[in-house]
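# Residue-level structure breakdown
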Amino acid sequence: MKKLTVFLTFLGLVVVTAAMAWSGFDSVLRAVMRIGLGGFLLMVCCQLAVDGVLGMAWHAAFPEIGYVRLLLARMVRDAAATCLPFSQVGGIVIGIRATCSGHGMHRASDREVELPEAACANLVDITTEVMGQVAFVLLGVACLVAHQRTSPFVVPVVGGTLFLIAGTAGFIWTQTHGGNLFRKFGGMFTRSLASQWRDSILAGADNLQERMEAAWSRPWHICRSASYHLLGWLGGAGMLWLTARFLGAHLTFSGAVAVEGVTCAIMSVGFLVPGSLGVQEGAYMAMGHAFGIDPSLSLGISLLRRGREIMIGIPVLLLWQFMEMRGLRQSASVEPAPSNGEGMGYSPSSNVVKDS
């Protein structure tokens, strides 16, 4: 898996470099520079606003967890997936850790979140995000058909969306019924483990399953979360429309929804590629061509998207690492230190024997 990640990262960099060379490095650079510093900072602020909506989507599904904790954990999860050489799976693992730990990244009044609850919250949030994404992709396909009925992207994107719907339904079923299967067959996989480890794993699986069933037993919360996610996807289309306007490209908002929707569908297929390197650029160039946008402008839009993600993601990751190190130091400082030489091979009674 590690070799595959390195290979896909290298291949993505090659694709991006080749696309820029084909479009002309000077043309792409001029397209990017058109936005100006003020326009770029405006796009960063828009991204932060969309992040706030995504935090609301997560909080709608888990109102018992603090909004600030969920917002920051979501930003850490996204930053790990976009700024680090990890696939989306690696970002999910880091997101679970960020949700579970906190370490000063939340209000003092917030309660602690244990690992099963953090894992459940992240999995359910990802599922509701995919539910919103399915609706957004279908809306994007409708806008694409309205613009160009004979577009070659319609059939494969609709087919991929159907597979995405089937996969989402299966993922939801697994979350609500997977614990029963693990109870039946989990002993087969944990038979070779020590008894205390096996009991701990089975108990943790039961705890996770109970939390999953409790989360999915609140359909209104799930629907609200998916609706907020759909609003976040529409916000991404709005940022694409605004970026295109800054770069001088003629693109309507419905066209931006079509471009962003189909691009998101293509990027979902390449979720194993770290940061969607090459996949995002190719999708933007292909969809930009369908709407008459110059390839250099399409690449500029993609690079500016990466730029705003890095502008937000790197400080978020650095802040999270600082909080993690501070939390570890605090945990180490509260451990009781050995007194009177205990724990160091020294016993006070031994001196009594020697002195006597």
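Refer to the preceding data block for the structure.
Nothing here was measured: the structure is a model prediction, and the numbers come from that model. (Residues numbered from 1 in each chain as written. Predicted model: local features only at pLDDT ≥ 70, side-chain atom pairs only at ≥ 80, totals over all residues. Heavy atoms only, no water.)

Moving on to the overall build of the protein chain. Check the secondary structure of the protein chain and you find 13 helices and 0 strands. Helices (α) and strands (β) of the protein chain occur, in sequence order from the N terminus, as α-α-α-α-α-α-α-α-α-α-α-α-α. Taking all 356 residues of the protein chain together, 45% fall into the buried category. Across the protein chain, the fraction of contacts at a sequence separation of at least 24, relative to all contacts at a separation of at least 6, is 74%. Total accessible area computed for the protein chain in this model is approximately 18,500 Å², and 69% of it derives from carbon and sulfur atoms. (Helix = DSSP H or I, 4+ residues; strand = E, 2+ residues; numbered from the N terminus. Buried < 20%, exposed > 50% of the residue type's maximum accessible area, 1.4 Å probe, protein only. Contact = heavy atoms within 4.5 Å. Areas by Shrake-Rupley, 256 points an atom, 1.4 Å probe, with all protein chains shown as cover.)

Right, let's talk about helix α11 (residues 279-290) for a bit. Over its 12 residues, α11 extends 17 Å from the first C-alpha to the last, a length consistent with the 16 Å expected when each residue adds 1.5 Å. Note on α11: the residue one or two positions beyond its end, Gly-292, has a positive phi of about 75 degrees. (Expected span 1.5 Å × (residues − 1).)

Along the chain, Glu-260 falls in helix α10 (residues 253-269). When its relative accessible area of 4% is taken as the criterion, Glu-260 is described as buried. One polar contact links Glu-260 to Arg-305, side chain to side chain, over a distance of 3.1 Å. Glu-260 has contacts with Phe-136, Gly-236, Ala-237, Leu-240, Tyr-284 and Arg-305, leaving out every residue within four places of it along the chain. (Polar contact = N/O pair within 3.5 Å; in protein donor to acceptor, adjacent residues only side chain to side chain.)

Within this structure, the stated rule accounts for 1 aromatic pair. Both rings, one in Phe-136 and one in Trp-233, keep their centres 5.9 Å apart while their planes meet at 15 degrees; by these two values the pair is stacked. In this pair, Phe-136 is assigned in helix α6 (residues 115-147) and Trp-233 in helix α9 (residues 219-247), connecting sequence segments 97 residues apart. The class of Phe-136 is buried, set by a relative accessible area of 0%. Trp-233 sits in the buried class, given a relative accessible area of 17%. Above the plane of the ring of Trp-58 lies Arg-77, whose end atom (NZ or CZ) is 5.1 Å from the centre. When the ring centre of Phe-62 is taken as reference, the NZ or CZ atom of Arg-218 above it lies at 6.0 Å. (Phe/Tyr/Trp six-rings, centres within 6.5 Å; stacked < 30°, edge-to-face > 60°. Lys NZ or Arg CZ within 6 Å of the ring centre and 35° of its normal.)

As a further point, take the nonpolar core. Judged by nonpolar contacts, the single largest core of 74 residues is most densely connected at Phe-62, Val-76, Val-124, Leu-144, Leu-240, Leu-251 and Phe-291. Residue contributions to this core peak at 10 residues, all from α6. Aside from chain neighbours lying at most four places away, what touches Phe-291 is Leu-144, His-147, Leu-251, Gly-255, Ala-258 and Val-259. (Core = buried A, V, L, I, M, F, W, Y, C linked by side-chain atoms within 4.5 Å.)

Together, Leu-4, Phe-7, Leu-11, Val-15, Val-89, Val-93, Phe-271 and Leu-272 line one region of the surface with nonpolar side chains, adding up to about 670 Å² of accessible area. At the level of secondary structure, the elements contributing two or more residues to the nonpolar patch comprise α1 (2-23) and α5 (88-101). If you tally residues by element for the nonpolar patch, the top one is α1, at 4 residues. Along the chain, Val-93 falls in helix α5. (Patch = residues over 30% accessible without salt bridge, like charges linked within 9 Å, V, L, I, M, F, W, Y side chains within 5 Å. Salt bridge = Lys/Arg side-chain N within 4 Å of Asp/Glu carboxyl O.)

Tallying each qualifying case throughout the model produces 11 salt bridges. Here Asp-78 ties to Arg-74 by a salt bridge, and the two come within 2.8 Å at their closest N and O atoms. Of the two residues, Asp-78 and Arg-74 both sit in helix α4 (residues 67-83), 4 residues apart, roughly one turn of that helix. For Glu-129, the salt bridge identified is with Arg-74, shortest N-O distance 2.9 Å. Here the residue Glu-129 occupies a position in helix α6, and Arg-74 occupies one in helix α4, the gap between them amounting to 55 residues. For the pair Glu-129 and Arg-74, one class covers both residues: buried. Salt bridges sharing partners connect three or more residues here, namely Arg-74, Arg-77, Asp-78, Asp-125 and Glu-129.

All right, on to α4 then. For α4, spanning 17 residues, the distance from its first C-alpha to its last is 24 Å, which sits close to the expected 24 Å at 1.5 Å a residue. Burial within α4 is extensive, with 12 of its 17 residues counted as buried. Within the span of α4, buried status applies to Arg-69, Leu-70, Leu-71, Ala-73, Arg-74, Met-75, Val-76, Arg-77, Ala-79, Ala-80, Ala-81 and Cys-83.

Moving on, we come to the packing of α10 against α11. Between two packed helices, both the angle of their axes relative to each other and the distance between the axes serve to describe the pair. Contact geometry for α10 and α11: axes closest at 9 Å, N-to-C directions at 145 degrees. α10 and α11 meet at a crossing whose hand is right-handed. Contacts from Ala-258, Val-259, Glu-260, Val-262, Thr-263, Ile-266 and Met-267 of α10 reach α11 at Val-279, Gln-280, Ala-283, Tyr-284 and Met-287. Tallied by class, the residues present in the contact of α10 with α11 amount to 9 nonpolar, 2 polar and 1 charged. (Axes fitted to C-alpha atoms, helices over the stretch in contact; angles between N-to-C directions. Left-handed = near helix turned anticlockwise from the far one by under 90°. Nonpolar A, V, L, I, M, F, W, Y, C, P; charged D, E, K, R; others polar.)

By the element assignment, Arg-111 lies in the loop between α5 and α6. Along the chain, Arg-111 and Gly-66 lie 45 residues apart, while their C-alpha atoms are 8.3 Å from each other.

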